[in-house]
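One letter stands for each residue in the lines below.
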Amino acid sequence: MATQDTTDILTAILARARMLDPANTRKWFSELKATRFSGGLLQISCPDEAKTRFLRDNCKMSFTRAAQQVTGHLVSVNFHIDDKKESPQIPGQIEAGVRIHPDYTFESFVVGPGNRLAQASCVAVSHSPGDTYNPLFLYGNVGLGKTHLLHAVCQEAQQESKIRSIQFLSCEEYVNRFISAIEQARISEFQSQFRTVDMLVIDDVQFLRDHEQSQEEFFHTFNALYNNRKQIILSADSAPGQIPSLEDRLISRFKWGLVARIDPPSYETRVAIVKKKAYLRGLSMPEEIAEYIAHKVQSNIRELEGALTLIHAEAIASSQAITLELARKALGDMTARAGRQTSITEIIDVVTQYYDVRLADLQSKKRHQSIAMPRQICMYLARSMTRHSLEEIGGHLGGRDHTTVLHACNKIGELENTDSQVRSQLTELTRQIQKA
Ligand code: ADP
Ligand code: MG
């Protein structure tokens, strides 16, 4: 049972954690309860599974540091799901593969002209899977909300008692699992895993392009599910017909249902997104500043969030409220370089210095983690900050082929979502590159 004392301690810890790691602060932290505090261990309970996972993945360090600063003792922090919620009535089951992110719901998704069709079709499908648009194919550039919508469909469909099971995974994960099923001679197990679900959701299917055998396998899985009127939802960075080396029979099937394109957000949508994200972080954001951010950052929505984080961090560092002047200062570097292209060389320079590795090592065949990780980070940053093709990026890093680069981008992108250490390294690297 929580006492007044533990409740007060939790309140103080939350306030401190917000300062230590503003990007991982959420409004729903107000639902957290301190259930026990003894023997140097603080137990914090959380109302649902996805949120508990979010805390475990992202907040362990900031909460522990906050707890130690607040109490002046060595304290460790543990997160658990509220006992009463431990065995939900909901029959829907999302298979492992992608961790459902509590931030990515329909509620937190801002609808505008660029994504209206995609959002509406996702809502429709989550309410009557298999019946409306099958398959549903979403495509658009990076950072425009495809993954967000896929998470939202899964969370929403899970609440519907019609859905028994969902498989949700990245295409890369699908291909990897297929390859290991072949290696272990467990193909039929692999097949039944995907052909018996009520809903199959695969993110970034453009990854299939260089995997002929996986395309063949996926073709049969697609047919099995489709014939049984099971829902299939796919996302990609381009329209079905634009994905290179994709078999014609898959291209035509991907077009059987609804193909929805996501376009970059309009100015009004960007303003609304900044306000929504600020609200979800429990941050008050004056209208004129939301407008200022939306004006400065026009490309993708991940960068919009990055700008919000920079401003929030600046406000904390200078113990000031968020004003236009502060926002200008925080985004100054971003603005100063507007119109100027970042080069791969600048990225490589910053990354090699940051991780203290040599360019020759990045270009070598060495696979040790201390080299492989910076190399993959270079690829990821080059992909998101420059207009170079995967091949060109691979060329700068020891002549690696485009699948290797794509693999690195997906991997670091996934880590950016799930690993707060990687995220803060990326934020810092981006800041340094933008200053360069
Ligand atoms: P993609 O998969 O298309 O590359 P993501 O789904 O990963 O893009 O979106 C990148 C970030 O932008 C996520 O944090 C997501 O929450 C946010 N985002 C994208 N579109 C919207 C939107 N319409 N409303 C709110 N947040 C959005
Ligand atoms: Mg995505």
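Residues numbered from 1 in each chain as written. Chains lettered and ligands numbered in written order. Predicted model: local features only at pLDDT ≥ 70, side-chain atom pairs only at ≥ 80, totals over all residues. Heavy atoms only, no water.

## Focus: the overall build of the protein chain
Phase 1 of the analysis: Along its length, the protein chain carries 20 helices and nine strands.
Phase 2 of the analysis: Here the C-alpha coordinates of the protein chain stretch approximately 60 × 55 × 45 Å along the principal axes.
Phase 3 of the analysis: Every one of the 436 residues in the protein chain was classed for burial, and the buried ones make up 49%.
Phase 4 of the analysis: Of all intrachain contacts in the protein chain linking residues separated by at least 6 positions in sequence, the fraction that spans at least 24 positions is 74%.
Phase 5 of the analysis: When the accessible area of the protein chain is evaluated, it comes to approximately 20,600 Å², of which 49% is carbon and sulfur surface.
Phase 6 of the analysis: Of the charged side chains in the protein chain, 51 are positive and 51 negative, and the gap between their average positions amounts to 2 Å. (Helix = DSSP H or I, 4+ residues; strand = E, 2+ residues; numbered from the N terminus. Buried < 20%, exposed > 50% of the residue type's maximum accessible area, 1.4 Å probe, protein only. Contact = heavy atoms within 4.5 Å. Areas by Shrake-Rupley, 256 points an atom, 1.4 Å probe, with all protein chains shown as cover. Lys, Arg positive; Asp, Glu negative; His and termini not counted. Charge placed at Lys NZ, Arg CZ, Asp CG, Glu CD.)

## Quick notes on the site of ligand 1
Phase 1 of the analysis: Taken together, 18 residues are adjacent to ligand 1, and Gly-143, Thr-147, His-148, Arg-302 and Glu-305 come closest.
Phase 2 of the analysis: Side-chain polar atom of Arg-302 to an oxygen atom of ligand 1: 2.7 Å apart, as the coordinates give it.
Phase 3 of the analysis: Of all the secondary-structure elements, those providing two or more residues to the shell around ligand 1 are helix 5 (146-159), helix 10 (267-280) and helix 12 (301-317).
Phase 4 of the analysis: The residue inventory of the shell around ligand 1, partitioned by class, reads seven nonpolar, seven polar and four charged. (Near = heavy atom within 4 Å. Polar contact = N/O pair within 3.5 Å; in protein donor to acceptor, adjacent residues only side chain to side chain. Nonpolar A, V, L, I, M, F, W, Y, C, P; charged D, E, K, R; others polar.)

## Thoughts on the sheet that holds strand 2 (residues 41-46)
Phase 1 of the analysis: Strand order in the open sheet formed by three strands is 1-2-3, and the pairing between neighbours is mixed. Because the sheet does not close on itself, it has two edges, and the strands there are strand 1 (33-38) and strand 3 (76-81). Strand-to-strand twist in this sheet, taken as the mean axis angle between neighbours without regard to direction, amounts to 20°.
Phase 2 of the analysis: The pairing of strand 1 with strand 2 spans five bridges and is antiparallel. Across the sheet, residue Ser-38 finds its bridge partner in strand 2, namely Leu-41.
Phase 3 of the analysis: Together, strand 2 and strand 3 form the strand contacts of helix 2 (residues 49-58), whose direction differs from that of strand 3 by roughly 160°.
Phase 4 of the analysis: Sheet strands touched by helix 3 (residues 60-71): strand 1, strand 2 and strand 3. Its angle to strand 3, the strand with the most contacts, is close to 125°. (Pairing = 2+ DSSP bridges. Axes fitted to C-alpha atoms, helices over the stretch in contact; angles between N-to-C directions.)

## Section: helix 17 (residues 369-385)
Phase 1 of the analysis: Taking 1.5 Å per residue, 17 residues should reach 24 Å; helix 17 reaches 23 Å between its end C-alpha atoms and fits that length.
Phase 2 of the analysis: Burial analysis of helix 17 places 13 of its 17 residues in the buried class, which makes it a mostly covered element. (Expected span 1.5 Å × (residues − 1).)

## Some words on the domain arrangement of the protein chain
One frequently used descriptor of interface size is the decrease in accessible area upon assembly of the parts.
Phase 1 of the analysis: In terms of domain boundaries, the protein chain breaks down into domain 1 (3-81), domain 2 (93-261), domain 3 (267-337) and domain 4 (344-435).
Phase 2 of the analysis: Taking only C-alpha atoms into account, the centre of domain 2 sits 33 Å from that of domain 3.
Phase 3 of the analysis: Of the residues lining the interface, nine residues belong to domain 2; the matching set on domain 3 comes to 10 residues.
Phase 4 of the analysis: Regarding the contact of domain 2 and domain 3, the summed buried area is about 730 Å², with carbon and sulfur atoms giving 63% of it.
Phase 5 of the analysis: Considering only the side of domain 2, the residues that lose the most area to domain 3 are Ser-108, Val-110 and Gly-143, jointly responsible for 54% of the buried surface there.
Phase 6 of the analysis: Connecting domain 2 to domain 3 are zero salt bridges.
Phase 7 of the analysis: Counting every contact that joins domain 2 to domain 3 gives two residue pairs in polar contact (both at pLDDT 80 or more). (Domains from an automatic or database assignment. Buried area = accessible area lost by both parts, 1.4 Å probe. Salt bridge = Lys/Arg side-chain N within 4 Å of Asp/Glu carboxyl O.)

## Overview of the nonpolar core
Phase 1 of the analysis: Core analysis: the biggest nonpolar cluster contains 57 residues, and Ile-202, Phe-218, Phe-254 and Leu-381 have the highest contact counts within it.
Phase 2 of the analysis: If one sorts the elements of this core by residue count, helix 17 sits on top with nine residues.
Phase 3 of the analysis: Of the domains in this structure, domain 2 (93-261) and domain 4 (344-435) are the two that each give at least three residues to this core.
Phase 4 of the analysis: Among all residues touching Phe-218, those that are not within four sequence positions of it are Tyr-174, Leu-200, Ile-202, Leu-208, Leu-234, Leu-250 and Phe-254.
Phase 5 of the analysis: In this structure, Ile-100, Ala-118, Leu-150 and Met-199 belong to the second largest nonpolar core, which totals 25 residues. (Core = buried A, V, L, I, M, F, W, Y, C linked by side-chain atoms within 4.5 Å.)

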